[in-house]
Structure formats: C-alpha cells, structure tokens
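# Remarks on the overall topology
Residues per chain are reported as follows:
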Amino acid sequence: MPIDPDVAIGAELGSVDFAWTESDVLLYHLAIGATDLSYTLEGPALQVLPSFGVVAPTFRMTDPPPLDLPGCDIDLAQVVHGSQSVSVEAPLPTSGSATVTTRISEVWDKGKAAVIWQEGVATAPSGERLWTTRSSIFVRGEGGWGGDRGSSAPVELPDRAPDTDTTYDVLAQQALLYRLCGDRNPLHADPDFAKAAGFPAPILHGLCTYGIVLRTLTETLLGGDASRVAGFGVKFAGVVYPGETLRIRGWREDGRIVGSATIAGGDRDGAPVLSDVALTPR
Ligand SMILES: CCCCCCC[C@@H](O)CC(=O)SCCNC(=O)CCNC(=O)[C@H](O)C(C)(C)COP(=O)(O)OP(=O)(O)OC[C@H]1O[C@@H](n2cnc3c(N)ncnc32)[C@H](O)[C@@H]1OP(=O)(O)O
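So, a few notes on the structure that sits alongside this text. (Residues numbered from 1 in each chain as written. Predicted model: local features only at pLDDT ≥ 70, side-chain atom pairs only at ≥ 80, totals over all residues. Heavy atoms only, no water.)

### Let's talk about the overall build of the chain
Scanning the chain for helices and strands turns up seven helices and 10 strands. For a compact globule of 282 residues, the expected C-alpha radius of gyration is about 19 Å, and the chain comes in at 18 Å, within 12% of that figure. In terms of principal-axis extent, the alpha carbons of the chain reach across some 50 × 50 × 40 Å. For the chain, buried positions account for 48% of its 282 residues. Once local pairs closer than 6 in sequence are excluded, the contacts in the chain between residues at least 24 apart make up 73%. For the chain, the exposed area adds up to about 12,400 Å²; of that, 51% sits on carbon and sulfur atoms. One finds the centroid of the 21 positive side-chain charges in the chain at a distance of 4 Å from the centroid of its 35 negative side-chain charges. (Helix = DSSP H or I, 4+ residues; strand = E, 2+ residues; numbered from the N terminus. Rg over C-alpha atoms; globule rule 2.2 N^0.38 Å. Buried < 20%, exposed > 50% of the residue type's maximum accessible area, 1.4 Å probe, protein only. Contact = heavy atoms within 4.5 Å. Areas by Shrake-Rupley, 256 points an atom, 1.4 Å probe, with all protein chains shown as cover. Lys, Arg positive; Asp, Glu negative; His and termini not counted. Charge placed at Lys NZ, Arg CZ, Asp CG, Glu CD.)

### As for the site of the ligand
Inspection of the region around the ligand gives 24 residues, with K110, R149, D183, H188 and F236 positioned closest. The separation between a nitrogen atom of the ligand and a polar main-chain atom of H81 is 3.1 Å. Here a nitrogen atom of the ligand sits 2.8 Å away from a polar atom, N or O, in the main chain of F236. Tallied by class, residues from the shell around the ligand come to 11 nonpolar, eight polar and five charged. (Near = heavy atom within 4 Å. Polar contact = N/O pair within 3.5 Å; in protein donor to acceptor, adjacent residues only side chain to side chain. Nonpolar A, V, L, I, M, F, W, Y, C, P; charged D, E, K, R; others polar.)

### What to know about the side chain of T216
Counting through the fold element by element, T216 comes out in helix α7 (residues 206-221). A residue is classified by how much of its surface remains accessible, and T216, at 7% relative accessible area, is buried. Every residue in contact with T216, bar those within four places of it in the chain, is listed here: T166 and I248.

### A look at helix α2 (residues 22-31)
Every buried residue of α2 is listed here: D24, V25, L26, Y28, H29 and A31. Next to the buried residues of α2 lie β1 (12-20), α3 (37-40), α4 (52-55), α5 (174-178) and α7.

### Some points on the nonpolar core
Membership of the largest hydrophobic core comes to 57 residues, with the highest contact counts inside it found for F52, W131, Y178, L217, F232 and L246. Among the elements that line this core, the one with the most residues is α7, at eight residues. The next biggest cluster of nonpolar side chains, apart from the first, holds 13 residues, and it includes A11, I104, V107 and I116. (Core = buried A, V, L, I, M, F, W, Y, C linked by side-chain atoms within 4.5 Å.)

### Some thoughts on the packing of aromatic side chains
Scanning the entire structure with this criterion turns up nine aromatic pairs. Among the aromatic side chains, those forming a connected cluster through ring pairs are F18, W20, Y28, F52, F59, W131 and Y178. The ring of W117 is capped by R134, whose NZ or CZ atom sits 4.1 Å from the centre of that ring. (Phe/Tyr/Trp six-rings, centres within 6.5 Å; stacked < 30°, edge-to-face > 60°. Lys NZ or Arg CZ within 6 Å of the ring centre and 35° of its normal.)

### Thoughts on the sheet that holds strand β6 (residues 164-169)
Here 10 strands make up an open sheet; going across it, the order is β1-β3-β4-β5-β2-β7-β10-β9-β8-β6 and the pairing antiparallel. Strand pairing shows two members of the sheet lacking a second neighbour, β1 and β6, which therefore form its edges. Taken pair by pair, the neighbouring strands of this sheet meet at an average axis angle of 20°, ignoring direction. Direction of pairing for β1 relative to strand β3 (residues 96-109): antiparallel, over a ladder of eight bridges. In the strand pairing of β3, D17 is matched with T99. The strands touched by α7 are β2 (79-88), β6, β7 (229-236), β8 (245-253), β9 (256-264) and β10 (272-281); relative to β8, the strand with the most contacts, the crossing angle is about 50°. (Pairing = 2+ DSSP bridges. Axes fitted to C-alpha atoms, helices over the stretch in contact; angles between N-to-C directions.)

### Section: the pattern of salt bridges
Enumeration according to the criterion identifies nine salt bridges in this entry. Its salt-bridge partner being D163, residue R160 comes within 3.5 Å of it at the nearest N-O pair. For R160, a relative accessible area of 38% translates into the label partly exposed. Close ionic contact of R160 with E253 constitutes a salt bridge, the shortest N to O distance being 2.9 Å. Of the two residues, R160 sits in the loop between β5 (129-140) and β6 while E253 sits in strand β8, which places them 93 residues apart along the sequence. (Salt bridge = Lys/Arg side-chain N within 4 Å of Asp/Glu carboxyl O.)

What follows is the structure in structure tokens.
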C-alpha cells in the first residue's frame, strides 16, 4: 500500500538544527514581493514576517523536497501543498539558530487523494519555544483505503465590504526567485515536470502566495508591523501561475483578520487561490 496510515500517523521525523542570517530574511522578503525598507534593508529597523519561520529550517536546501515520510511511498509529482499555519511565541529575530522537531500528526483519506499533516516545533538553543507550524500536503491519486476523511472548520467571511481589497501582480520570475528560499521542487520551474504532473505550466509555490498574502494583510491592516502577527493560517484552494494577478481581501472580525485570495483578471478571474485565511494579531 503506497500509504500505510498505521505506520505514518504519529511517526516522528526527527530534529534538525538550522541557523539563519539577516541576508536570508532579506532574500525571503524580496521573494514574496516586499519593497518596504523595513523588510528589505539590514539594520536595526529590519523586521521578520512570521511566515519566514515556515521556511527557515529548509532555507539552504538545494535539492527537491525529500519525501522520506515513514509509511508514505509517494511521488513528488502527485503532491501539492494543501494548507499551512504558523504561530510564533514572539517576534522572530533577524538572525539566530534553532532546532525543529517534526512529526506526522494525521493522515486523511479523501478517496481520490490523501492528506498528510505534519506538525513542527522550533526551539531556541535555550530550549525556549520559538514557533509552531502545522501543514498538510494533498497527495493526488492516493487514498481509498477506507480511512478517516478528516474535517476542518471553515473560516467564514463576513457579508460586508472588506476592510482591505488590493491586488498583487505576481512576477513572471516569482517562482524562480522564490525557489532560492529552499524549495527547488521542479513543479515550480520545469515545464516538462509541470506537464507530467498535470499542469499546463509551472505553478507558484504555495508558500510564496502565503507570504505575499501575510505581507499584504500586515501592511494594510496592521500598520506594516510584523511584530503584531501572532499566527497565520491558510488553505491552498487553487493554483497560481506566475504572471497572474492576485486579489487579496481582508476583514477585521472577532479580534482576528480573516480573508481570501483569488485570481484577478484574465480567463481565470475570480478563481480561488487561498481559503480559510486567518491572521491572529497580538
Ligand atoms: C514533505 C514534503 C513536502 C512537500 C511540500 C510541497 C512542496 C511545494 O513545492 C508544493 C507546492 O507549493 S504546490 C502549490 C501550492 N498548492 C496548490 O496550488 C494547491 C491548490 N489547491 C488545489 O489545486 C485544489 O484545491 C486541490 C487539488 C488541493 C483539491 O482540489 P480537488 O481535487 O478538486 O478537491 P475537491 O474535490 O475540492 O475536494 C476533495 C476533498 O479534499 C478536500 N480538500 C480540498 N482542497 C484541500 C486542501 N487544499 N487541503 C486539504 N484538503 C483539501 C476537500 O475538503 C474535500 O474533502 P471532503 O469531501 O471530505 O470535504
């Protein structure tokens, strides 16, 4: 069986030590479209978007993402990123070192696909917790073993005009830039690999969209202050092709910011990109 949930669920994926520098933070912010100097210039005013915590452990990787998950015999061409969240204990330092410990927390059987959830905890050398991530991959063509379908509470959007409604033009080279942040999955760069995976062209990294949207909501609804972001979660609802335009909407609602991202303009106007967008401010 390509996925053996009895082996996979609860499997410990071990601990990895890593470090990051101001230059890594600058590159990451540029790759998610930042232009403001508080994200793009080293020095005392540099701040770090919490989404950097998601990529920091693998930032120096130059190989495609390894899929060495216990009990999961799957191919990278089957995989798309399903969802992502991060919660940070405090504003992230602009450089530092940490250890991340990861486990497979759940595996869902969607019949035509499997959803594999991982949880990671990053701790400082002192042992203090820095941030926690939760993510899923959606593995097309797996599933069907009669397992739990899983469920998650959808984030409802208010029935009123958004508090921010803005667009971001995804650069033609956005994925080629973003892959330098440690995700060299050929799905985002190699047209032949993308076609073999069922896409007409390379698609944008989900985590690039994740960063673009967090940055936009922070700039438009939190005064550009990344230290006010305590947590951010999304579900990847549809693909983005480099060169397309994103429409990003956000609402202040019940003490948090909820939102959505869709494609704006062109043949795919209105196509969903992110759902279940929820930013928890501090
Ligand atoms: C360790 C290895 C690390 C590797 C990490 C990844 C590396 C990265 O480089 C990869 C990427 O960045 S890929 C790019 C980012 N991701 C995407 O673009 C995916 C966008 N989403 C889609 O295309 C579809 O929603 C799609 C395809 C996800 C689902 O669409 P459909 O097949 O049409 O599914 P649908 O019929 O709508 O729903 C079927 C059931 O699945 C649930 N579901 C839908 N979207 C989901 C999602 N994103 N995550 C989890 N579950 C999801 C539905 O709820 C439904 O379940 P149920 O019937 O039980 O409600």
